[in-house]
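Here's the letter readout for the chains.
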Amino acid sequence: MSRDIVIEANSLTKVFDNSFKAVDGVSFYVGRREIFGFLGPNGAGKTTTIKMLSTLLKPTAGAATIDSHSILDDPDGVRRSIGIVFQDPALDDELTGRENLDFHARMYGLSRKERKERIAEVLKLTDLLDRADVQVKKYSSGMKRRLEIARGLMHYPKVLFLDEPTLGLDAQTRRTIWDYILKLNREEDVTIFLTTHYMEEADFLCNRVAIIDRGKTVVVDTPENLKSSIGSDMITLECSDTEKLSTRLESEDWVENLKVHGGTIMIGLRHSEERIPEIVDSAREVGVEVKSITTRKPTLEDVFLYFTGRQIRESEATPLEKMRMMRIRLRRR
């Protein structure tokens, strides 16, 4: 990854009128041509951060630059440098795909010749050439998302913001969108800033990720470094007394990381299968009953739980997402 920085945020903060601090001193950088993931549950501050970076919201405090343009002092320069695909659809269903793209290109002042050439390029990139002259209302959800990505690329942005780009899509369509994101990053030479609460999405796509929780940046690193930071293996166990057993296990030199969350102990270590008998023996020594033990390789979900003390759950989804997920489940029946 090039060290050339295209996005730099310094202590970005947004406080709304009711004194709710949606974003609290967030700082990070994004390298040119990087796919950067901004991970967190709904309500963590992801969308608010994007709105500040794209000049749709003025920060309460802090600053940021996009391709050397200040979001405070040069908002027009920022807008010329970015494309955005927000969570909620913003297409005109009565227009065709080509007409939606043409309208967007006119807003950015592209000439007739430029519009024609660029529309053909982005339709080919997103495999929508054969549907270009079909009304958008006849598109599937995945096709609409691909068209929105194509529209965000029309004016040759240096940075493309994708805010929960696969929200509410089924697993197969999500993987298709992932492939298009990788393709446009490679072929369009564009930096991708991706928000998601799907940990496997970030793990698959991103060069680096930032975990945000309750408006604060918790940690920033590559997915592999984050996972290895909590151990090459992960043991999760439930027991009758986490305090007693965790105190006993913390004295073992083979324990790399240990965290207690409610009635569960998470242990990062190496060669986990060899240590399970020792964990059971240690529990007997202090009179603790082990109810269950699982062992696996760490995931970004484990990383999030380790650093924040909670999981990203479906119960944290917005009402709109719950409704979309319910529709998907009903269609599968």
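The rules behind the values
- Residues numbered from 1 in each chain as written.
- Predicted model: local features only at pLDDT ≥ 70, side-chain atom pairs only at ≥ 80, totals over all residues.
- Heavy atoms only, no water.
- Helix = DSSP H or I, 4+ residues; strand = E, 2+ residues; numbered from the N terminus.
- Contact = heavy atoms within 4.5 Å.
- Areas by Shrake-Rupley, 256 points an atom, 1.4 Å probe, with all protein chains shown as cover.
- Lys, Arg positive; Asp, Glu negative; His and termini not counted.
- Charge placed at Lys NZ, Arg CZ, Asp CG, Glu CD.
- Axes fitted to C-alpha atoms, helices over the stretch in contact; angles between N-to-C directions.
- Parallel < 35°, antiparallel > 145°, perpendicular 65-115°, else oblique.
- Left-handed = near helix turned anticlockwise from the far one by under 90°.
- Nonpolar A, V, L, I, M, F, W, Y, C, P; charged D, E, K, R; others polar.
- Expected span 1.5 Å × (residues − 1).
- Buried < 20%, exposed > 50% of the residue type's maximum accessible area, 1.4 Å probe, protein only.
- Arc of directions from axis to C-beta.
- pLDDT = per-residue confidence, 0-100.
- Phe/Tyr/Trp six-rings, centres within 6.5 Å; stacked < 30°, edge-to-face > 60°.

*Asks:* Even after reading the chapter, I still don't get the overall build of the protein, so can you show me in this structure?
*Replies:* A tally of regular secondary structure across the protein gives 12 helices and 14 strands. When its C-alpha atoms are laid out on the principal axes, the protein stretches across 80 × 50 × 40 Å. Within the protein, residue pairs in contact and separated by at least 24 positions form 71% of the contacts whose partners lie at least 6 positions apart. As displayed, the protein has an accessible area near 16,000 Å², and 47% of this comes from carbon and sulfur atoms. Between the mean site of the 52 positive side-chain charges and the mean site of the 54 negative ones, the protein shows a separation of 6 Å.

*Asks:* Looking at this structure, I do not really get the packing of helix H5 (residues 141–153) against helix H6 (residues 171–187). What am I missing?
*Replies:* Describing two packed helices takes the angle between their axes plus the distance from one axis to the other. Running from N to C, H5 and H6 point in directions that differ by 15°, and their axes come no closer than 10 Å. In this view, H5 runs roughly parallel relative to H6, as classed from their interaxial angle. Taken as a pair, H5 and H6 cross one another with a handedness that is right-handed. Packed against H5, whose contacting residues are Gly 142, Arg 145, Arg 146, Ile 149 and Leu 153, the element H6 presents Thr 173, Ile 177, Tyr 180 and Leu 184 at the interface. Across the contact of H5 with H6, the residue classes break down as 5 nonpolar, 2 polar and 2 charged.

*Asks:* I would appreciate a short explanation of helix H10 (residues 272–285) in the present structure.
*Replies:* For the α-helix, the turn length of 3.6 residues means that residues three or four positions removed from each other point alike. For H10, which comprises 14 residues, the first-to-last C-alpha distance of 20 Å matches the rise-based estimate of 20 Å (1.5 Å per residue) to within 8%. All of the buried residues in H10 are Ser 272, Ile 279, Ser 282 and Ala 283. Projected onto a plane normal to the axis of H10, the buried residues spread over an arc of 95° and lie on a single side. Turned more than 90 degrees off the buried face of H10, the exposed positions are Glu 274, Arg 284 and Glu 285. Buried positions along H10 lie against strand S11 (233–239), helix H9 (242–249), strand S13 (264–269) and strand S14 (290–296). The first or second residue beyond H10 is Gly 287, which carries a positive phi of 70°.

*Asks:* Can you help me understand the confidence of the model for the protein in this one?
*Replies:* Caution applies to low-pLDDT regions: their predicted coordinates should not be interpreted in detail. Considering every residue of the protein, the mean pLDDT works out to 90; 92% of them sit at 70 or more. In the predicted structure, residues 324–333 sits below a pLDDT of 50 and forms 13 contacts with residues beyond four places in sequence or in another chain.

*Asks:* It is not clear to me how the packing of aromatic side chains should be interpreted in this structure. Could you clarify?
*Replies:* Each aromatic ring pair is summarised here by two numbers: the centre-to-centre distance and the angle between the ring planes. Within this structure, the stated rule accounts for 8 aromatic pairs. Between Tyr 306 and Phe 307 the ring centres are 5.2 Å apart and the planes differ by 85°, which places this aromatic pair in the edge-to-face class. With relative accessibility at 33%, the residue Phe 307 sits in the partly exposed group. Every member of this aromatic cluster is reached through a ring pair, and the members are Phe 28, Phe 36, Phe 38, Phe 161 and Phe 193.

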